[in-house]
Amino acid sequence: MKTKRQDVENNSEDEELHLKKQKLIEYSSLSPPQLGFDNPLLPLATYDDDEDQDVGKKAEENGSNNHDEEDDEEEDHNNGFVEGMRNRMIEIRRDCPYLDTVNRQVLDFDFERFCSVSLSNLNVYACLVCGKYFQGRGQKSHAYTHSLEAGHHVYINLRTEKVYCLPDGYEINDPSLDDIRHVLNPRFNKDQVMQLDRNRQWSRALDGSDYLPGMVGLNNIKETDFVNVTIQSLMRVTPLRNFFLIPENYADSKSVLVHRFGELTRKIWHARNFKGQVSPHEFLQAVMKASKKRFRIGVQSDPVEFMSWLLNTLHSDLKSSRTKNSIIHQCFQGELEVVKEINVKDGVDVSRMPFLMLGLDLPPPPLFKDVMEKNIIPQVPLFNILKKFDGESVTEVVRPRIARMKYRVTKLPQYLILHMRRFTKNNFFVEKNPTLVNFPVKNLELKDYIPLPASSSSKEEERGRSNSKYDLIANIVHDGKPGEGSYRVFVQRKSEELWYEMQDLHVTETLPQMVALSEAYMQIYEQQQQQPACPGPQGRLLHVPTSQMSITFLKMIPFPIAPLGFIRLPFSASISKLCWLVQEFGSAVPEIENA
């Protein structure tokens, strides 16, 4: 039997041991200090944010292999608690003799994060030597076994971005690995996002090829060109792109589709990629799950249907209980007034309905040949088919009931999506209308064809209704027979106002005239921003002495010179011209005053 004295001594020893472990854990949880000397050994760290394969196996036995992201987060939390109880320690080292074996040429983080052996998505590591994915790093894990069999020793956790050396088990803290972390999870700050449309610099991939950030090709995994052209078009919508480049904007969303779309956006616009192309594999997996396999790999689909589904799903996943609005509706939502007449007895039904895109009906192509026995290529101006929404033209519909419809646009969106109805389905097959649509690439003026209200309740709505001039930023084209053809897209790079033709991995510069010589299927137009004129009844004087300017620069100034040697800025001059002068002279523009 134990005496009371022995019990007291044992308790005191346990408490002392517990306090030592607690201090060690607290010390190890701190970030490694910046040492003034080269010390390969750094403080110990815990496994609190990782799980080993044993815990992963228990989760697999409970059927957690195919968990969604929400379930994985809960599993990670539970596993981290278990590991915290174990208090297993690892060391952090600044140097590693195997860093020179890292092969960036084979690293590809675009595919789903599943272990190549167990096919589990829990606690997955990437081998930085061969690029394969393995689960866990404990002594019984697949990564540990791979390190012994293949002699590959450097691994990165795909979730925590921590790098480890196996089978030794220590963590590697070396700044030379930061480029790999940036490729695994591209990062943007607000300043970088605001400068994207001004950046004209090319980036260089590891294979020596050059690519433009934002203009990279997308892999066609199998019949997924309809997804690629849709994504490339949406990447030109500046507010939408900027929103998804900052993960904090949608951190509260539990939608896997939202986060996968954000990851894909960051990879497309990342300037430090290892290769000049991106694979949308993870995004496609999220699309298949969210659409219940309505859109899936290996089956060709319509980009118009996919665009409509994607925008509505993203809006539904992004809106919160506090606000019903989202970045999707801020960019694309307009408003229609619909006048519906079923028969004379029922009268006329007038309603307002929102829209994200407008469908335009093409006239039937002629069935005859010209004098030279050649087929006539039918053409129609865009303005003719836009008259459908002038509030006067009648459209006959047969479903769900025969009715006469009139449409009138009462509010224009910031980004207008137009869809040309080229495909019609009958009882036997699908027909394609080859009619070419003649449209302007810049300065599409809609107010003459879509009458807008003269007044509005708010200044913001008034601006949205009155500004009816648009510029084309994306044009999706279908080539070939219906059901057998392929899709490509023309997009504009804003920093240089150049046009590029993109078809999967192929990205080539093209002329603006070539954009309008194709069978347009879906287009995105950007509303021109109105710049306010400078206030003042007669103009303003810029106090910039002409003696500070060269003769060549004086000839370039679009403003009159005041008698006293100062520049007179007219009342009609825009703010952009004023900013141009400020950029030229900087602090040499001390003040502006009314003339």
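Residues numbered from 1 in each chain as written. Predicted model: local features only at pLDDT ≥ 70, side-chain atom pairs only at ≥ 80, totals over all residues. Heavy atoms only, no water.

Caption draft 1: Broad picture of the overall build of the protein chain. The helix and strand tally for the protein chain stands at 17 helices and 30 strands. Across the 595 residues in the protein chain, those meeting the buried criterion constitute 45%. Counted over contacts in the protein chain with a minimum sequence separation of 6, partners at least 24 positions apart contribute 66%. When the accessible surface of the protein chain is totalled, it reaches about 32,200 Å², and 51% of it is carbon and sulfur. (Helix = DSSP H or I, 4+ residues; strand = E, 2+ residues; numbered from the N terminus. Buried < 20%, exposed > 50% of the residue type's maximum accessible area, 1.4 Å probe, protein only. Contact = heavy atoms within 4.5 Å. Areas by Shrake-Rupley, 256 points an atom, 1.4 Å probe, with all protein chains shown as cover.)

Caption draft 2: Spatial organisation of the packing of aromatic side chains. The final tally for this structure, using the stated rule, is 15 aromatic pairs. On the basis of an interplanar angle of 55° and a centroid distance of 6.3 Å, the ring pair of Phe332 and Tyr415 is categorised as tilted. Linking Phe332 in helix H12 (residues 327-332) with Tyr415 in strand S18 (residues 415-421), this pair joins segments that are 83 residues apart in sequence. For the pair Phe332 and Tyr415, one class covers both residues: buried. Their ring planes at 50° and their centres at 6.0 Å tell us that Phe389 and Tyr407 sit as a pair that is tilted. (Phe/Tyr/Trp six-rings, centres within 6.5 Å; stacked < 30°, edge-to-face > 60°.)

Caption draft 3: Spotlight on the confidence of the model for the protein chain. Looking at the protein chain, the pLDDT average stands at 77 and 70% of residues meet or exceed 70. Confidence drops under pLDDT 50 across residues 461-465; counting only partners more than four residues distant or on other chains, this segment forms 15 contacts. For the stretch residues 546-556, pLDDT sits under 50, and the model shows 14 contacts to residues farther than four places along the chain or on other chains. (pLDDT = per-residue confidence, 0-100.)

Caption draft 4: Region of interest: unusual backbone geometry. For the peptide bond that leads from Leu166 to Pro167, omega is 5°, which places it in the cis range. Along the chain, the position of Pro167 falls in the loop between strand S6 (163-165) and strand S7 (171-172). Of note, the phi angle at Glu223 is positive, near 55°, even though the residue is not glycine. Within the element layout of this structure, Glu223 appears in the loop between strand S10 (217-218) and helix H7 (225-234). Assessed through its relative accessible area of 39%, Glu223 is described here as partly exposed. Unusually for a residue other than glycine, Lys292 sits at a positive phi of about 55°. Along the chain, Lys292 falls in the loop between helix H10 (281-290) and helix H11 (303-318).

Caption draft 5: Representation of a nonpolar patch on the surface. A contiguous nonpolar surface patch, about 330 Å² in accessible area, is contributed by Leu511, Met514 and Leu517. Turning to its location among the elements, Met514 is positioned in helix H15 (residues 512-515). Take Met514: its relative accessible area is 42%, and that puts it in the partly exposed class. (Patch = residues over 30% accessible without salt bridge, like charges linked within 9 Å, V, L, I, M, F, W, Y side chains within 5 Å. Salt bridge = Lys/Arg side-chain N within 4 Å of Asp/Glu carboxyl O.)

Caption draft 6: Spotlight on the nonpolar core. The biggest cluster of nonpolar side chains holds 61 residues, and the ones touching the most others in it are Ile231, Phe283, Leu310 and Phe332. Ranked by the residues each element gives to this core, the list is headed by H11, at eight residues. Once you skip the residues sitting within four places of it in the chain, Leu310 turns out to touch Ile231, Leu234, Leu257, Phe261 and Phe283. Leu412, Val441, Leu444 and Tyr525 belong to the second-largest nonpolar core, a separate cluster that totals 34 residues. (Core = buried A, V, L, I, M, F, W, Y, C linked by side-chain atoms within 4.5 Å.)

Caption draft 7: Looking closely at the pairing of strand S12 (residues 334-341). In this structure, S12 lies alongside strand S13 (residues 348-355), joined through eight bridges in antiparallel fashion. Of the residues in S13, the one forming a bridge with Glu335 is Pro354. As defined by bridge partners, S12 adjoins strand S17 (residues 403-411) across seven bridges and the pair is classed as antiparallel. Counted as the bridge partner of Glu341 is Arg404 from S17. (Pairing = 2+ DSSP bridges.)

Caption draft 8: Representation of the pattern of salt bridges. If you walk through the whole model with that rule in mind, you get 24 salt bridges. Taking the shortest distance from any N to any O, the salt bridge between Glu396 and Arg404 comes out at 3.3 Å. For Glu396, a relative accessible area of 52% gives the class exposed. The class for Arg404 is partly exposed, based on a relative accessible area of 38%. One salt bridge in this structure joins Lys494 and Glu526, with 2.7 Å as the shortest N-O distance. You can see Lys494 sitting in the loop between strand S24 (486-493) and strand S25 (498-503) and its partner Glu526 sitting in strand S27 (residues 520-527), a full 32 residues away along the chain.

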